[in-house]
Amino acid sequence: MTPQKITMGANGRLNVPDNPIIPFIEGDGIGPDVWGASKRVLDAAVAHAYGGKRKIEWMEILAGEKAFNQTGEWLPAATLEAAREYLVSIKGPLTTPVGGGIRSLNVAMRQELDLYVCLRPVKWYKGVPSPVVHPENVNMTIFRENTEDIYAGIEFAQGTPEVKKLLDFLTNEMNAGKKIRFPETSALGIKPVSKEGSERLVRAAIKYALDNKMPSVTLVHKGNIMKFTEGGFKNWGYELAEREFGDRVYTWGQWENAKKTQGEDAANARLKSEEALGKLIVKDVIADNFLQQILLAPQDYSVVATLNLNGDYISDAAAAAVGGIGISPGANINYLTGHAVFEATHGTAPRFANTNTMNPSSLLLSGVMMLEYMGWNEAAALIEESLATTIKRKRVTIDFYNLMHDATLLKTSEFADDIIRNGGMMS
């Protein structure tokens, strides 16, 4: 097989060769351990699922401490260029540089490649320790806007000329200075939320829900307080759903209108009728209430669309209910260009670097997401089923071992061995 690039077709779908070149960043801290284990499982699953007819050609690119030590840069231009050129890549956890310059390597990659969706599926695998009574009720996919909101990084430190200039503008030009309680000691930030950015995020969430026959999309926002940013996100989301998806969806906005014109009983009957017809229900929830609903009624939510900061909180809170971020995968995707970076959602845990003890499941399941994105669903399903079997048999790494009764403690590499063995992937 000759290694080839993944490309984006004119039809908006990826063209994936049988021997695709996929860049990888092994990551810092525990990155080499979890990447080494994940790579072995990914390779074994692809070889087994396709009888050796498909194979990933891995190409290392540098970021984080390894990049800095070799090149003097935390995020070399060559790394970003490779991610652009080859479309699909995967990465381990990266250190955030101390001092000035790049605030976060992860955020920098998302901004530079315009990866506007942070995709975080959250589901429970039987046997995974959980702090909630019914973790099996948690099965949602979170679409977090990835390029706007406070993560745009527009901030000015207290006492600087820049913050004084902005404060003067807000006071003298916008008549808003009185709303800042302690102006002399305040730092200031700006929260941009655009109609275009909101629409492309909600559009991706609705398409995903329709393609996967999900019952609902929930717009999570704080529009009761931030009426023009978070409230705009909600309103633009409803408008897009009704305008672009027509009779395939029914929105709570339409339900509210029916309630005003026909009465509450008639509106509720209409809502139930639309649900019975199999239409996708598009609804909304205030962010603080949603964080409560994750615990009280997670079964009511399947696909979630939200802004960046809300999504940061929600993703990790939901992950806690199913075992924590150690088993939570993630991806950053631009569905228009095809660019996607799949990543571990946890940190580098430098204290455990090179100990071969940490759980590789977050990065491995991100690899499963990558295979699904490529259309290699057979290999993806093989890994997920084998991972679930391994956990069910209580043969786990230290994080789960400490929370399980009568479990067998495995090293990172041994956990990968068990997944390969339980999936019948031994060569």
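Just above sits the structure.
Our subject in this report is the structure included herewith.

1. Some details on the overall build of the chain
Right, so step 1: Counting its regular elements, the chain contains 15 helices and 17 strands.
Right, so step 2: Projected onto its principal axes, the C-alpha positions of the chain cover 65 × 60 × 50 Å.
Right, so step 3: In the chain, which comprises 427 residues, the proportion classed as buried is 51%.
Right, so step 4: Intrachain contacts of the chain at a sequence separation of at least 6 include 73% that bridge at least 24 residues.
Right, so step 5: Of the accessible surface of the chain, which amounts to about 20000 Å², a share of 51% is contributed by carbon and sulfur atoms.

2. Brief notes about unusual backbone geometry
As a rule of thumb, non-glycine residues mostly have phi less than zero, and peptide bonds are mostly trans rather than cis.
Right, so step 1: One non-glycine residue, Ala349, adopts positive backbone phi at about 40°.
Right, so step 2: Looking at where Ala349 falls in the secondary structure, it is placed in the loop between strand S15 (340–344) and helix H12 (361–374).
Right, so step 3: Ala349 gets classed as partly exposed once you look at its relative accessible area, which sits at 28%.
Right, so step 4: With a phi close to 60°, Asp406 is a non-glycine residue in the positive phi region.
Right, so step 5: When you line up the elements, Asp406 lands in the loop between helix H14 (398–401) and strand S17 (408–409).
Right, so step 6: When its relative accessible area of 66% is taken as the criterion, Asp406 is described as exposed.

3. Re helix H8 (residues 252–262)
Right, so step 1: Every buried residue of H8 is accounted for by Gly253, Trp255 and Ala258.
Right, so step 2: On its buried face, H8 is in contact with helix H7 (230–245), strand S11 (249–251) and helix H9 (264–276).
Right, so step 3: Count one or two residues on from H8 and you reach Gly263, which has phi positive near 100°.

4. Notes on empty space enclosed by the protein
Any space left empty among the atoms is revealed by the rolling of a water-sized probe across them.
Right, so step 1: Per the counting criterion, the structure on display carries one cavity of 30 Å³ or more.
Right, so step 2: Put simply, the largest cavity is a space of about 40 Å³.
Right, so step 3: Lining the largest cavity are Ile25, Glu26, Gly27, Asp28, Glu60, Ile61, Leu62, Ala63 and Lys66.

5. Section: the side chain of Asn19
Right, so step 1: With respect to the helices and strands, Asn19 occurs in the loop between strand S2 (14–15) and strand S3 (21–25).
Right, so step 2: Residue Asn19 is classed as buried on the basis of its relative accessible area of 4%.
Right, so step 3: If we skip the residues at most four places from it in the chain, Asn19 touches Met1, Thr2, Pro3, Gln4, Lys55, Ile56 and Glu57.

6. Some points on the side chain of Arg200
Right, so step 1: Examined against the element boundaries, Arg200 turns out to sit in helix H6 (residues 195–211).
Right, so step 2: Among the polar contacts made by the side chain of Arg200, one reaches the side chain of Thr147 at a distance of 3.5 Å.
Right, so step 3: In this structure, Arg200 is in contact with Asp114, Tyr116 and Thr147, ignoring residues within four places of it in sequence.

7. With respect to the environment of Gly64
Right, so step 1: Relative to the elements of secondary structure, Gly64 occurs in the loop between strand S4 (57–60) and helix H2 (65–71).
Right, so step 2: The buried category is assigned to Gly64, whose relative accessible area is 0%.
Right, so step 3: Linking Gly64 and Phe415, residues 351 residues apart in sequence, is a C-alpha distance of 26 Å.
Right, so step 4: If we skip the residues at most four places from it in the chain, Gly64 touches Asp28, Glu73, Trp74, Leu94 and Leu105.

8. A word on the nonpolar core
Right, so step 1: Of all hydrophobic cores here, the largest spans 80 residues; its most connected members are Trp58, Ile206, Val217, Phe342, Met370, Leu371 and Ile391.
Right, so step 2: Sort the elements by how many residues they give to this core and H12 lands first, with nine residues.
Right, so step 3: Excluding anything up to four places from it in sequence, Ile391 contacts Tyr125, Lys126, Gly127, Val128, Ile327, Val396, Phe400, Met404 and Phe415.

9. Observations concerning the pairing of strand S7 (residues 139–145)
Looking down a regular strand, the side chains alternate between one sheet face and the other.
Right, so step 1: Here S7 lies mainly inside the structure; six of its seven residues are buried.
Right, so step 2: As paired strands, S7 and strand S13 (residues 303–306) are joined by four bridges and run parallel to one another. Bridging from a neighbouring strand, Phe143 pairs with Ala305 of S13.

10. Observations concerning the layout of surface pockets
Right, so step 1: Empty space within the largest pocket amounts to approximately 1300 Å³.
Right, so step 2: Contributing to the lining of the largest pocket are 39 residues, with Tyr208, Asn212, Tyr335, Glu372 and Tyr373 lying nearest its centre.
Right, so step 3: Every element with two or more residues in the lining of the largest pocket is listed here: strand S6 (117–123), S7, H6, strand S14 (329–333), H12 and helix H13 (377–392).
Right, so step 4: Residue composition of the lining of the largest pocket, by class: 24 nonpolar, seven polar and eight charged.
Right, so step 5: Of the voids in this model, the second largest pocket is the one considered here, and its volume is about 600 Å³.
Right, so step 6: Around the second largest pocket, the lining is made up of 14 residues, and of these Leu170, Ala176, Gly189, Ile190 and Lys191 lie nearest the centre.
Right, so step 7: Among the elements of the structure, helix H5 (161–172) and strand S9 (188–189) are those that each provide at least two residues to the lining of the second largest pocket.

11. What about the packing of aromatic side chains?
Working definition: an aromatic ring pair is given by the centre-to-centre distance plus the angle between the planes.
Right, so step 1: Throughout the structure, instances matching the rule amount to nine aromatic pairs.
Right, so step 2: Look at Phe290 and Tyr301: their rings are 4.9 Å apart centre to centre, the planes differ by 80°, and that puts the pair in the edge-to-face class. Residue Phe290 is located in helix H10 (residues 287–296), and its partner Tyr301 is located in the loop between H10 and S13; the two are separated by 11 residues in the primary sequence.
Right, so step 3: A network of ring pairs unites the aromatic residues Phe24, Trp35 and Trp58 as a single cluster.
Right, so step 4: The ring of Tyr86 is capped by Lys5, whose NZ or CZ atom sits 5.5 Å from the centre of that ring.
Right, so step 5: Above the face of the Tyr151 ring, Arg144 is positioned so that its terminal group lies 5.0 Å from the ring centre.

Calculation rules
Residues numbered from 1 in each chain as written. Predicted model: local features only at pLDDT ≥ 70, side-chain atom pairs only at ≥ 80, totals over all residues. Heavy atoms only, no water. Helix = DSSP H or I, 4+ residues; strand = E, 2+ residues; numbered from the N terminus. Buried < 20%, exposed > 50% of the residue type's maximum accessible area, 1.4 Å probe, protein only. Contact = heavy atoms within 4.5 Å. Areas by Shrake-Rupley, 256 points an atom, 1.4 Å probe, with all protein chains shown as cover. 1 Å grid on protein atoms, 1.4 Å probe; cavity = no way out; pocket = protein on both sides within 12 Å on 5 of 7 lines; lining within 4 Å. Points joined across faces, edges and corners; volume = space filled by probe spheres on them. Polar contact = N/O pair within 3.5 Å; in protein donor to acceptor, adjacent residues only side chain to side chain. Core = buried A, V, L, I, M, F, W, Y, C linked by side-chain atoms within 4.5 Å. Pairing = 2+ DSSP bridges. Nonpolar A, V, L, I, M, F, W, Y, C, P; charged D, E, K, R; others polar. Phe/Tyr/Trp six-rings, centres within 6.5 Å; stacked < 30°, edge-to-face > 60°. Lys NZ or Arg CZ within 6 Å of the ring centre and 35° of its normal.

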